[in-house]
Amino acid sequence: KQDSMAIHSTATNVLLGLTLLVFITFGLVTVGTTYITRNLVRGEPVFVMSDFWYAIKRNWKQALPFGIIDGIINGILIFNIYTTIINTSGFLTSMMFWANIVLVLLYFFMRCYIYVQMVTFNLTVFKILKNSLIFSLLGLKRNLLALLAIVIGMFIELMCVIGAGGILLPFGISLPFIILFATFAYMKVYASYFKIKEIMIDPYIAAHPEEAPSSY
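The rules we used
- Residues numbered from 1 in each chain as written.
- Predicted model: local features only at pLDDT ≥ 70, side-chain atom pairs only at ≥ 80, totals over all residues.
- Heavy atoms only, no water.
- Helix = DSSP H or I, 4+ residues; strand = E, 2+ residues; numbered from the N terminus.
- Contact = heavy atoms within 4.5 Å.
- Areas by Shrake-Rupley, 256 points an atom, 1.4 Å probe, with all protein chains shown as cover.
- Lys, Arg positive; Asp, Glu negative; His and termini not counted.
- Charge placed at Lys NZ, Arg CZ, Asp CG, Glu CD.
- Core = buried A, V, L, I, M, F, W, Y, C linked by side-chain atoms within 4.5 Å.
- Buried < 20%, exposed > 50% of the residue type's maximum accessible area, 1.4 Å probe, protein only.
- Axes fitted to C-alpha atoms, helices over the stretch in contact; angles between N-to-C directions.
- Parallel < 35°, antiparallel > 145°, perpendicular 65-115°, else oblique.
- Left-handed = near helix turned anticlockwise from the far one by under 90°.
- Nonpolar A, V, L, I, M, F, W, Y, C, P; charged D, E, K, R; others polar.
- Phe/Tyr/Trp six-rings, centres within 6.5 Å; stacked < 30°, edge-to-face > 60°.

**Student:** What exactly am I supposed to notice about the overall build of the chain here?
**Tutor:** What the chain contains, in helices and strands, is 6 helices and 0 strands. Viewed in the frame of its principal axes, the chain has a C-alpha envelope of about 80 × 45 × 40 Å. Taking the contacts inside the chain whose residues are at least 6 apart along the sequence as the reference set, 65% of them involve residues at least 24 apart. Split by element, the accessible area of the chain, about 13,900 Å² in all, is 74% carbon and sulfur. Taking the average place of the 14 positive charges on the side chains of the chain and the average place of its 9 negative ones, the gap between the two points comes to 4 Å.

**Student:** What should I look at first to understand the nonpolar core in this one?
**Tutor:** One recurring pattern in soluble globular proteins: nonpolar side chains tend to sit buried together. Within the largest apolar cluster, 29 residues are counted, with the highest numbers of intra-cluster contacts made by Val-31, Phe-66, Tyr-107, Ile-114, Met-118, Tyr-193 and Ile-196. Secondary-structure elements contributing two or more residues to this core are α1 (10-41), α2 (48-85), α3 (91-120), α4 (125-138) and α6 (169-207). Sorting elements by how many residues they give to this core places α3 first, with 9 residues.

**Student:** Would you explain the packing of α4 against α6 in this entry?
**Tutor:** The description of two packed helices rests on the angle between their axes and on the distance between the axes. Contact geometry for α4 and α6: axes closest at 11 Å, N-to-C directions at 115 degrees. If you check the angle between α4 and α6, you find them roughly perpendicular. Between α4 and α6 the crossing geometry is right-handed. Touching Asn-131, Phe-135 and Leu-138 of α4 are Lys-195, Ile-196, Ile-199 and Met-200, all from α6. Here the residues of the contact of α4 with α6 are counted per class, giving 5 nonpolar, 1 polar and 1 charged.

**Student:** Sorry if this is basic, but what is going on with the packing of aromatic side chains here?
**Tutor:** The geometry of an aromatic ring pair is captured by the separation of the ring centres together with the interplanar angle, meaning the angle of the planes. Evaluated as defined, the whole model comprises 9 aromatic pairs. With a centroid separation of 5.2 Å and 70 degrees between ring planes, the pair formed by Tyr-190 and Phe-194 is classed as edge-to-face. One end of the pair, Tyr-190, and the other, Phe-194, are both in helix α6, 4 residues apart, so they sit about a helical turn from each other. Look at Tyr-190 and you get partly exposed, because its relative accessible area is 41%.

Functional significance is not addressed by these values, which are geometric in nature.
Below, the structure written as structure tokens:
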């Protein structure tokens, strides 16, 4: 009888290290890019590298641990969807599948607001999550429009990759790195920021007009 044993190669170890690095720095990168995107949405001047590192330096104490939590939550939701897809034989499993779909959509909408609040206000993580849950319901129309636009963008990307007889394959492969992910991020921030401004920022500025010029 022969037994097989898997041994990690150098390439495997490098990939595992890169995966761990991405997992750990996910929140830091997200908070930096969200700060830049929020400033673009507000029509403010943007200095990409300096603004990116400024946002990380200012928010790393929240962004680092929450980025790990965010990755874990996303992993759990994806795992739940996968397990319910491959086990949809019973009524209960089907109900669990749709319950997980609702949770995925709800958390997707919440994520539109989480990082924007993180770079805009000085709030605890608990308050950010609480506000994001409320905003995900109050801004449902904007959230759905952002989701629809992202789905359309993903459909266009899919058609470029598998359609047109492969003629557009190079374009489809390069599209996510050039503009697609940045466009999705802009859509999410655009959908969330103005609802946050309407409910949190404008009433505060109205009550404290002396803080209006540069605070928000």
